[in-house]
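These are the residues of each chain, in order.
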Amino acid sequence: MGNTSIGVRIRELRGRVITQQQLADRAGVSVDLVRKLEQGIRQTASIGSLQRIARALDVDISELLGRPAGIPSTDPDAGIVAIRRVLTSVDDLIDDGDTPPGEASTLVDARRIVEYAWGAYWSGRYALLSAVLAPTLHQLRATARAANVGERAAAAELLARGLWVTGCSLVHLGQHDAAFLAVRQALTAAQDGSDELLSATLRGSVAWQLLGRGRYEEARRLAVRTAETIEPLGDAPATRLSAYGSLVLTAATAAARDQRSAEAAHLVAQADAVARRIGHDRRDYETYFGPSQVAMQRVDVAVVTEDYTTALTVARRMPRTPSLPLASRARHLADRALAHARLGHQQQALDILLSAERMAPDWMSHQTMPRRIVSELLTRERPSRLRGLAERLGIFG
């Protein structure tokens with residue numbers, strides 16, 4: 001199916017076996033949505049609707065999309081262009097009586113949509129997210145507008161999480177300005193909620209984005225100051241420990257990139273103490289923290305400070321069965337590959353990169369670090385496996 005139209009794909013998958021009405025009934029969506037998608041009146045729908053349609057057709061949601069990874073669409077109703085339009089909406093300024101786009105859903109459905117988006121993010125499925133985040137944000141905003149008094153805080157927090165995953169995804173899609181805007185809007189939405197740990201973790205995400213922009217000192221100060229506001233005292237719950245530890249690790253990463261090696265080591269040790277206090281890996285507020293995350297960050301800090309021998313030594317401390325998401329595991333492999341490459345271990349570096357590619361091909365296609373390592377390796381010997389990897393990553397020469 002070479003056609004990139006979701007409607008064409010739905011029509012082809014539906015074939016002559018079932019009618020539009022039967023598909024709508026099976027998927028639990030309106031027949032009007034199916035009809036508009038197939039006629040091209042609508043180019044996409046929310047993650048929840050597409051997921052239900054895909055399940056009814058017995059295919060993966062990616063088969064409905066088919067857009068090449070990371071390619072910004074020029075269609076104003078699709079892809080990155082559409083996400084930017086949502087983030088820069090002026091509906092509140094126009095206020096001409098027209099209903100803003102997006103259908104309100106129940107909190108249960110909205111929560112399911114947000115969880116699916118985060119699952120796709122941690123699996124490195126950025127092309128999928130670029131296709132469905134715009135309608136998802138419309139739906140989450142409509143849900144927040146329609147929420148009754150008792151549901152407003154929860155709806156606002158779900159909108160904040162939706163904006164947050166949008167910002168994180170846009171970073172990997174190379175849309176840094178839009179990503180920063182999305183996370184700042186997430187912070188604003190969270191203020192209408194009642195969860196201080198969500199707000200704190202979102203500030204940590206802002207710090208993470210500052211890291212990507214080379215604003216290391218600001219990132220470190222923001223992470224440290226936010227961590228201080230939620231410092232776990234006494235018999236603190238694991239969720240607070242996890243949120244605090246994650247912020248400390250972000251501060252350590254910023255310190256390392258700012259060449260503050262001693263402070264970075266101190267902060268990692270501080271996070272390690274928190275991880276030991278928890279005793280196992282956790283995922284709280286869409287963020288992973290625990291012994292595995294600390295081990296991964298120790299390697300990252302050593303690589304950033306160009307202590308490659310230490311990086312490979314501390315990599316052995318990674319738990320045998322790390323509870324890390326796919327994207328984090330792939331990033332850890334890339335750190336190890338870089339350390340091997342800088343130490344002249346070409347074969348080990350290549351083997352690790354190929355493992356990362358097999359594990360997370362979509363992640364690999366959106367990252368600069370693997371390309372940098374491959375470019376370095378190409379200056380030495382050029383085995384066929386390396387040339388093949390270089391071509392798949394778009395590196396020629």
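Look a little higher up for the structure.
Counting restarts for each chain: residues are numbered from 1 in the order of the written sequence. The predicted origin of the model limits local features to residues at a pLDDT of at least 70 and limits the giving and counting of side-chain atom pairs to 80 or more, whereas totals for whole chains, interfaces and linings rest on all residues. Values reported for side chains reflect all heavy atoms of the structure, with hydrogen atoms and water molecules removed beforehand.

Participant: How would you sum up the packing of helix α18 (residues 326-342) against helix α19 (residues 346-359)? Please name residues and give values.
Facilitator: Running from N to C, α18 and α19 cross one another at 165°; their axes reach a closest spacing of 8 Å. What the angle tells us is that α18 and α19 run roughly antiparallel. For the pair α18 and α19, the crossing hand works out as left-handed. Across from Leu-326, Arg-329, Ala-330, Leu-333, Arg-336, Ala-337, His-340 and Ala-341 in α18, the residues of α19 making contact are Gln-348, Ala-349, Ile-352, Leu-353, Ser-355, Ala-356 and Met-359. Three classes are used, and their members are as follows: Ala, Val, Leu, Ile, Met, Phe, Trp, Tyr, Cys and Pro are nonpolar, Asp, Glu, Lys and Arg are charged, and the others, Gly among them, are polar. By residue class, the composition of the contact of α18 with α19 is 10 nonpolar, three polar and two charged. Axes here refer to lines fitted to C-alpha atoms; in helices the fit is confined to the stretch in contact. Angles between the N-to-C directions go from 0 to 180 degrees. Only DSSP runs of H or I covering at least 4 residues are called helices, and only runs of E covering at least 2 are called strands; the numbering of each starts at the N terminus. Orientation is classified from the angle alone, with under 35 degrees giving roughly parallel, over 145 giving roughly antiparallel, 65 to 115 giving roughly perpendicular, and any other angle giving oblique. Note on convention: near helix rotated counterclockwise from far helix by under a right angle means a left-handed crossing. Clockwise means right-handed. Whether two residues are in contact is decided by their heavy atoms: any pair within 4.5 Å suffices.

Participant: Hey, could you go over the environment of Ser-123 for me, with residue numbers and the actual values?
Facilitator: Within the element layout of this structure, Ser-123 appears in the loop between α8 (107-122) and α9 (126-146). Sequence separation between Ser-123 and Ala-327 is 204 residues, and the spatial gap between their C-alpha atoms is 5.9 Å. Under the rule applied, a polar contact is a pair of N or O atoms within 3.5 Å (in protein, one hydrogen donor and one hydrogen acceptor; residues adjacent in sequence only if both atoms are side-chain atoms). A distance of 2.9 Å separates the side chain of Ser-123 from the backbone oxygen of Gly-119, its partner in a polar contact.

Participant: I'd like to hear about the packing of helix α4 (residues 47-56) against α8, residue by residue, with values.
Facilitator: Running from amino to carboxyl end, α4 crosses α8 at an angle of 80°, the nearest separation of the two axes being 9 Å. Classified by the angle between their axes, α4 and α8 sit roughly perpendicular to one another. Contacts between α4 and α8 involve Ile-47, Gly-48 and Gln-51 from the first element and Ile-113, Tyr-116 and Ala-117 from the second. Of the residues that constitute the contact of α4 with α8, the class distribution is four nonpolar, two polar and no charged.

Participant: Go over the pattern of salt bridges, please, and point to the residues and values.
Facilitator: Put simply, a salt bridge is a Lys or Arg side-chain nitrogen that is within 4 Å of an Asp or Glu carboxyl oxygen. Under the definition given, this model contains 22 salt bridges. Here Arg-161 ties to Glu-286 by a salt bridge, and the two come within 2.5 Å at their closest N and O atoms. Remark: Glu-286 occurs in the loop between β1 (282-284) and β2 (287-289) and Arg-161 occurs in helix α10 (residues 152-172); sequence separation between them is 125 residues. Summary of the burial criterion: residues with accessible area below 20% of their type's maximum are buried, those above 50% are exposed, and those between are partly exposed, where the area comes from a 1.4 Å probe applied to protein chains only. We classify Glu-286 as buried; its relative accessible area is 11%. Asp-272 serves as the salt-bridge partner of Arg-298, at 3.3 Å between the closest nitrogen and oxygen. Residue Arg-298 is located in helix α16 (residues 291-304), and its partner Asp-272 is located in helix α15 (residues 261-278); the two are separated by 26 residues in the primary sequence. Note on Asp-272: relative accessible area 15%, which makes it buried. Here the residues in one salt-bridge network are Glu-217, Arg-220, Asp-258, Arg-260 and Glu-263, joined through shared partners.

Participant: I'd like a rundown of the packing of aromatic side chains, residues and numbers included.
Facilitator: Where two aromatic rings form a pair, the distance of their centres and the angle of their planes describe that pair. In summary, the pairing rule links any two rings of Phe, Tyr or Trp, Trp by its six-membered ring, whose centres are within 6.5 Å, and it sorts them by plane angle into stacked for under 30 degrees, edge-to-face for over 60 and tilted for everything else. By the definition in use, this model includes five aromatic pairs. Ring geometry for Tyr-121 and Trp-122: centres 5.1 Å apart, planes at 70°, overall edge-to-face. Classification of Tyr-121 as buried rests on a relative accessible area of 6%. Taken together, a centroid distance of 5.1 Å and an interplanar angle of 80° make the contact between Trp-122 and Tyr-288 edge-to-face. Residue Trp-122 is found in helix α8, and its partner Tyr-288 is found in strand β2; the two are separated by 166 residues along the sequence. Each member of the pair Trp-122 and Tyr-288 is classed as buried.

Participant: Account for helix α6 (residues 79-87), naming residues and giving values.
Facilitator: Every buried residue of α6 is listed here: Gly-79, Ile-80, Ala-82, Ile-83, Val-86 and Leu-87. Buried residues in α6, looked at end-on, bunch into an arc of 160°, giving them a common side. Think of it as the arc spanned by the lines of direction from the helix axis to the C-beta atoms.

Participant: How would you explain helix α13 (residues 216-229) if you had to name every residue and give the values?
Facilitator: The end-to-end C-alpha separation of α13 is 20 Å, in line with the 20 Å expected for 14 residues at 1.5 Å each. Taken together, the buried positions of α13 are occupied by Ala-219, Arg-220, Ala-223, Thr-226 and Ala-227. With its buried residues spanning 145° around the axis, α13 presents them on a single face. Along α13, exposed side chains directed more than 90 degrees from the buried face belong to Arg-225, Glu-228 and Thr-229. Multiplying 1.5 Å by the residue count of a helix minus one yields the expected span of that helix.

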